[in-house]
Amino acid sequence: MKLASEVQPQKKNINRVFKDKKLVPSEEKDNENGLLLTNASGAVFWSNTAFLKQTNFENSEVVNSALVDLIASKETNKEELKKITTSIKDGVHFDIEVFHRKKDDVPFWSRIIGNPVSDSQGVIFQYVVIIENLAVENNTEHSIKVSESTLFSFLLNLQKGILLEDENRKIVAINKEFCSMFSLEMDTNLFIGLDSNQFDEQFKDYFKNSDQYVSRINQLLEQKEIVINDKLELVDGRFFERTFIPIIKEGIYKGMLWSFNDITISQKYKETLNYEKGKYRRIIANMNIGLLEVDNNDLILLANQSFCDMSGYTIEELIGKTGSELFLDAVYKEKLLEKGIERKDGKSDSYEVEVKNKNGDLKNWLISGAPNYDINGEVIGSIGIHLNITEQKNQEEQLILLSLIAEKNINTVIICDNQGKMEWVNDSFVTMTGYSFDEAIGKTPGYLLQGKDSDLEQINYLRTQIRHGLPFKCELINYKKSGEKYWVYIQGQALYNKEGKILKYFAIEEDITNNINLKSQKEELVNSAAKANKDLESYAFIASHDLKAPIRSIYSLVTCIKEDNDLNEKTKEYFSIIENKLEKMDHQIEGILEYAKIDKENFFYEEVNSNEIVKNSIDNLVIPDNIEIRMVSKLPIINSDRFRLQQLFQNVISNAVNFIDKPEGVVEIDCKEKQSSYIFSIKDNGRGVAKESQHQIFKISKYFNNNNRSTGLGLSIAKKIVEICNGTIWIESELGVGTTFFIELNK
């Protein structure tokens, strides 16, 4: 391109008309260079006659064609074509030399120059493309001047501030938009020939960082490289984008072109948009419900932190993956496919699915899904809100089971509202009291059943416990509807919601009229034990002993019902579950008793072969076929109590075996010697313990799973034995990998 000082005498007025916001020049009959106008995407909407002559195309073959398609031939360099595509995409100038396609003829060597044209908002709406036939020897200076004149005319009429300088920084041309942006109320022709360095000093105070404005100009002039869209902030709150283009002719620096674009509106819009995006991003990220966005092919596009917590995956592990493949089995995949079809039809709904999280645990999710639309109203995917309802589902199943148990229980079962009024009783209540279901509902048990011989102290105890939402159990005289007295053993407690508010009360009343003498004997035994031993372990012993009575009663009841009734398979299954739970509870009570006795008995210390002790412990356990126990090294002889040492290792090894969830389980037993102690290790490849739960693993009554083979007391007993031996026990564990127990005992 020539400097305006060179082409100024040759400038011609170019007529302009606007069609669909496209800037179209009039024909220049003496212009031998091809001239094309494209939209912002590179689709041609106008060509001059010279281009049609150059290429032998008809105008109808050119209009609406992609620029690169018109150029491309077998001989055309594909990398150069790619520069055109990339430049149009980035909205920047391009200048290349390639073979240009010619219809029904050999291609010709050409130079192709393209410049973007922006509107008043700085948005590029078209490209001006010049095609010069470099093979034509009579490509006259006149043709070049006409092309340059046309391009020059376009530049000065752009909705951008344009400043053209020669190599000495003398102003060659300036347009009205530039004057308007910098509040210069003079005819643009009056600026021609002035020194631009004066403008730098004059304009620098317009900008927020005035010194940087000047230093950046000097840097650009020194480097003489194209710089697109430098962002400038003005003191009055406006924002400009500045583009610097050095002008090189035949390898000689001839000057520079500056363009300024006011992007204040778009900048403010972007800032507002970014703020809103950030605000909603924070809201989504901190929601207590899982949010997931997928496309029409179920590929995950977005997930919030709550969803990651629910699923066990990180955001990086989720993005780009197929949701159904990560979480669902074949049945639910089919269901999700149906939901995807409904989303494309614009339907929103909620549904439940069973999913498998990263750890392989089955969870129940409630999903509320809705279609996701683009700006054209087309469905591009769906957005789902996910709630983990596993606990609720488990509670529902337990409620069904408990309802069956309560309904068939020979003892009275009473459920009251949070005011203490009965809202449900079982058939045994009707049989025991003589009152009908309707007669009981809406009344308190005390109002209906207590009388003159009911112990006032026990009544006050019940009222106090219930008022404070505490568990209660006592023996009391009640009265049937007929007036007949009978003794009952009452157990009950309040039921709380997640907010800690009382929802209901429940109580079980057992008719103990015929066993009152036995109860007195038990009371004497309890009182005697309480006087002899008032510490916590003794209390655990007594409490455990008391718990065995209702277990035996329930076990006997279940056995009788199974023997005396023709039960269906489902009911038998329910009773088997009850029996297993009772058996586990019985083992737990035994564990509590054992735990209470440990430090009440004297330890007999002697030299003990720990290798022999560990082997005996393994022989006493039932080891599944898929689990291998390895002795990594020979274990030492230590000074300890033989019985308690075997009890220690048996409990720890049993725990390792019970919690292996792999098809091939391994337990490795090893020992390292220190100066005054031995450190034994029992390592397994089981399910592992979460880091936040490891500090509670040895505490009594802390259960982290539903393993039917574990009472949850073995590790508490093990820790107590170790502490009595003045040793230390600890674990190292990783979820899904396994656990290692370390036991340090003195030599």
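Residues numbered from 1 in each chain as written. Predicted model: local features only at pLDDT ≥ 70, side-chain atom pairs only at ≥ 80, totals over all residues. Heavy atoms only, no water.

### Points about the overall build of the protein
Okay, step 1: When you go through the protein residue by residue, the secondary structure sums to 25 helices and 29 strands.
Okay, step 2: Buried positions account for 42% of the 747 residues belonging to the protein.
Okay, step 3: A separation threshold of at least 6 residues defines the contact pool for the protein, and within that pool the share at least 24 residues apart is 51%.
Okay, step 4: When the accessible surface of the protein is totalled, it reaches about 41700 Å², and 50% of it is carbon and sulfur. (Helix = DSSP H or I, 4+ residues; strand = E, 2+ residues; numbered from the N terminus. Buried < 20%, exposed > 50% of the residue type's maximum accessible area, 1.4 Å probe, protein only. Contact = heavy atoms within 4.5 Å. Areas by Shrake-Rupley, 256 points an atom, 1.4 Å probe, with all protein chains shown as cover.)

### Observations concerning the sheet that holds strand β29 (residues 738-746)
Okay, step 1: On the basis of which strands lie adjacent, the open sheet formed by five strands has the order β24-β26-β27-β29-β28 and mixed pairing. Bordering the open sheet on either side are β24 (627-631) and β28 (728-734), each of which pairs with just one other strand. Sheet twist, expressed as the average angle between the axes of neighbouring strands with direction ignored, equals 15 degrees.
Okay, step 2: Bridge analysis of strand β26 (residues 665-673) against strand β27 (residues 677-684) gives seven bridges, and the strand direction is antiparallel. Counted as the bridge partner of Glu673 is Tyr678 from β27.
Okay, step 3: In the packing of helix α23 (residues 610-619) onto the sheet, the strands contacted are β24, β26 and β27, and the crossing angle to β24 comes to about 170 degrees. (Pairing = 2+ DSSP bridges. Axes fitted to C-alpha atoms, helices over the stretch in contact; angles between N-to-C directions.)

### Observations concerning the pattern of salt bridges
Okay, step 1: Counted by the stated rule, this structure contains 33 salt bridges.
Okay, step 2: In this structure, the salt-bridge partner of Asp661 is Lys662, at a minimum N-O distance of 3.0 Å.
Okay, step 3: On the basis of relative accessible area, Lys662 is assigned to the partly exposed category, the value being 25%.
Okay, step 4: Here Glu744 ties to Lys674 by a salt bridge, and the two come within 3.6 Å at their closest N and O atoms. One end of the pair, Glu744, is in strand β29; the other, Lys674, is in the loop between β26 and β27, and 70 residues separate them in sequence.
Okay, step 5: Exposure remark for Lys674: the relative accessible area of 41% places this residue in the partly exposed category.
Okay, step 6: The network of salt bridges with shared partners includes Lys339, Glu342, Arg343, Lys347 and Asp349. (Salt bridge = Lys/Arg side-chain N within 4 Å of Asp/Glu carboxyl O.)

### Points about the sheet that holds strand β20 (residues 472-479)
Okay, step 1: Read from one edge of the open sheet, five strands run β19-β18-β22-β21-β20, paired in antiparallel fashion. Edge positions in the sheet fall to β19 (422-425) and β20, since each has one partner strand and no second. Across the sheet, the axes of successive neighbouring strands diverge by a mean angle of 30 degrees, strand direction being ignored.
Okay, step 2: Pairing of β20 with strand β21 (residues 485-496), which is carried by eight bridges, proceeds in the antiparallel orientation. The residue bridging Cys474 from the neighbouring strand is Ile490, located in β21.

### A look at the packing of α23 against helix α24 (residues 642-658)
Okay, step 1: Taken N-terminus to C-terminus, the directions of α23 and α24 make an angle of 55 degrees; their axes are 9 Å apart at the nearest point. In terms of their interaxial angle, α23 and α24 are classed as oblique. Between α23 and α24 the crossing geometry is right-handed. Taken together, the residues of α24 that come into contact with α23 (itself represented by Glu612, Ile613, Val614, Asn616, Ser617 and Ile618) are Arg642, Leu645, Gln646, Phe649, Gln650 and Ile653.
Okay, step 2: In terms of residue class, the contact of α23 with α24 is built from six nonpolar, four polar and two charged. (Parallel < 35°, antiparallel > 145°, perpendicular 65-115°, else oblique. Left-handed = near helix turned anticlockwise from the far one by under 90°. Nonpolar A, V, L, I, M, F, W, Y, C, P; charged D, E, K, R; others polar.)

### Thoughts on the packing of aromatic side chains
The description of an aromatic ring pair uses the distance of the two centres, along with the angle that the planes make with each other.
Okay, step 1: Inspection of every chain in the model, using the stated rule, returns 23 aromatic pairs.
Okay, step 2: Between Phe182 and Phe240, the aromatic rings sit 5.7 Å apart at their centres with planes inclined by 75 degrees, giving edge-to-face as the arrangement. On the criterion of sequence distance, the pair formed by Phe182 in the loop between α7 (176-181) and α8 (196-203) and Phe240 in strand β11 (residues 239-249) is long-range, its members being 58 residues apart. Phe240 matches Phe182 in its accessibility class, with the two residues each being buried.
Okay, step 3: Taken together, the ring pairs connect Phe178, Phe182, Phe191, Phe199, Phe203, Tyr206, Phe207, Tyr213, Phe240 and Phe260 into an aromatic cluster.
Okay, step 4: The lysine or arginine in question, Lys480, covers the ring of Tyr486, its NZ or CZ lying 5.8 Å from the ring centre. (Phe/Tyr/Trp six-rings, centres within 6.5 Å; stacked < 30°, edge-to-face > 60°. Lys NZ or Arg CZ within 6 Å of the ring centre and 35° of its normal.)

### Looking at a nonpolar patch on the surface
Okay, step 1: A cluster of nonpolar residues, Phe99, Trp109 and Leu134, forms a patch on the protein surface that exposes about 240 Å² of accessible area.
Okay, step 2: One can find Trp109 in strand β6 (residues 105-118). (Patch = residues over 30% accessible without salt bridge, like charges linked within 9 Å, V, L, I, M, F, W, Y side chains within 5 Å.)

### Focus on the packing of α8 against helix α9 (residues 210-223)
The axes of two packed helices give the description: the angle between them and the distance between them.
Okay, step 1: Packing of α8 against α9 brings their axes to within 9 Å, and their N-to-C directions diverge by 155 degrees. Put simply, α8 runs roughly antiparallel to α9. Of the residues in α9, those in contact with Asp200, Glu201 and Phe203 of α8 are Tyr213, Val214 and Ile217.
Okay, step 2: In the contact of α8 with α9, the residues fall into four nonpolar, no polar and two charged.

### Topic: the pairing of strand β17 (residues 379-388)
Okay, step 1: Direction of pairing for strand β13 (residues 290-295) relative to β17: antiparallel, over a ladder of six bridges. Looking across to β17, one finds that Leu292 is bridged to Gly384.
Okay, step 2: Where strand β16 (residues 362-373) and β17 come together, nine bridges link them in antiparallel fashion. Its bridge partner being in β17, Gly369 is matched across the sheet by Gly384.
Okay, step 3: Counting the residues that bridge the hairpin from β16 to β17 gives five residues, and of these Gly377 lies at a positive phi of roughly 80 degrees.

### A short note on the environment of Arg111
Okay, step 1: Among the secondary structure elements, Arg111 is positioned in strand β6.
Okay, step 2: Separated by 15 residues in sequence, Arg111 and Ile96 have C-alpha atoms that sit 5.7 Å apart.
Okay, step 3: The residues touching Arg111, leaving out its near neighbours within four places in the chain, are Asp95, Ile96, Glu97, Ile130, Ile131, Glu132 and Leu134.
Okay, step 4: Only 2.6 Å separates the side chain of Arg111 from the side chain of Asp95, close enough to count as a polar contact. (Polar contact = N/O pair within 3.5 Å; in protein donor to acceptor, adjacent residues only side chain to side chain.)

### Comments concerning the side chain of Asn611
Okay, step 1: Mapped onto the secondary structure, Asn611 falls in helix α23.
Okay, step 2: By relative accessible area, which is 12% here, Asn611 ends up buried.
Okay, step 3: A distance of 2.9 Å separates a polar side-chain atom of Asn611 from the backbone nitrogen of Leu635.
Okay, step 4: Sequence-distant contacts of Asn611, defined by excluding residues within four places in its chain, comprise Met631, Ser633, Lys634, Leu635 and Pro636.

### What to know about the pairing of β13
Okay, step 1: In terms of residue burial, β13 counts as a mostly covered element, since six of its six residues are buried.
Okay, step 2: Residues Gly290, Leu292 and Val294 point to one face of β13 and Leu291, Glu293 and Asp295 to the other, with burial holding for every one of them.
Okay, step 3: With three bridges joining them, β13 and strand β14 (residues 300-303) adopt antiparallel strand pairing. When the bridges of β14 are listed, Val294 appears paired with Ile300.

### Notes on the nonpolar core
Okay, step 1: Judged by nonpolar contacts, the single largest core of 38 residues is most densely connected at Leu648, Phe649, Ile653, Phe680, Ile682, Ile743 and Leu745.
Okay, step 2: Elements with a contribution of two residues or more to this core: α23, α24, β26, β27, α25 (714-724), β28 and β29.
Okay, step 3: The dominant element in this core, judged by the number of residues it contributes, is α24, at seven residues.
Okay, step 4: Ignoring sequence-local partners within four residues, the contact set of Leu648 consists of Ala718, Ile721, Val722, Ile743 and Leu745.
Okay, step 5: Core analysis: the second largest hydrophobic core is formed by 26 residues, Ile174, Leu184, Phe207 and Leu220 among them. (Core = buried A, V, L, I, M, F, W, Y, C linked by side-chain atoms within 4.5 Å.)

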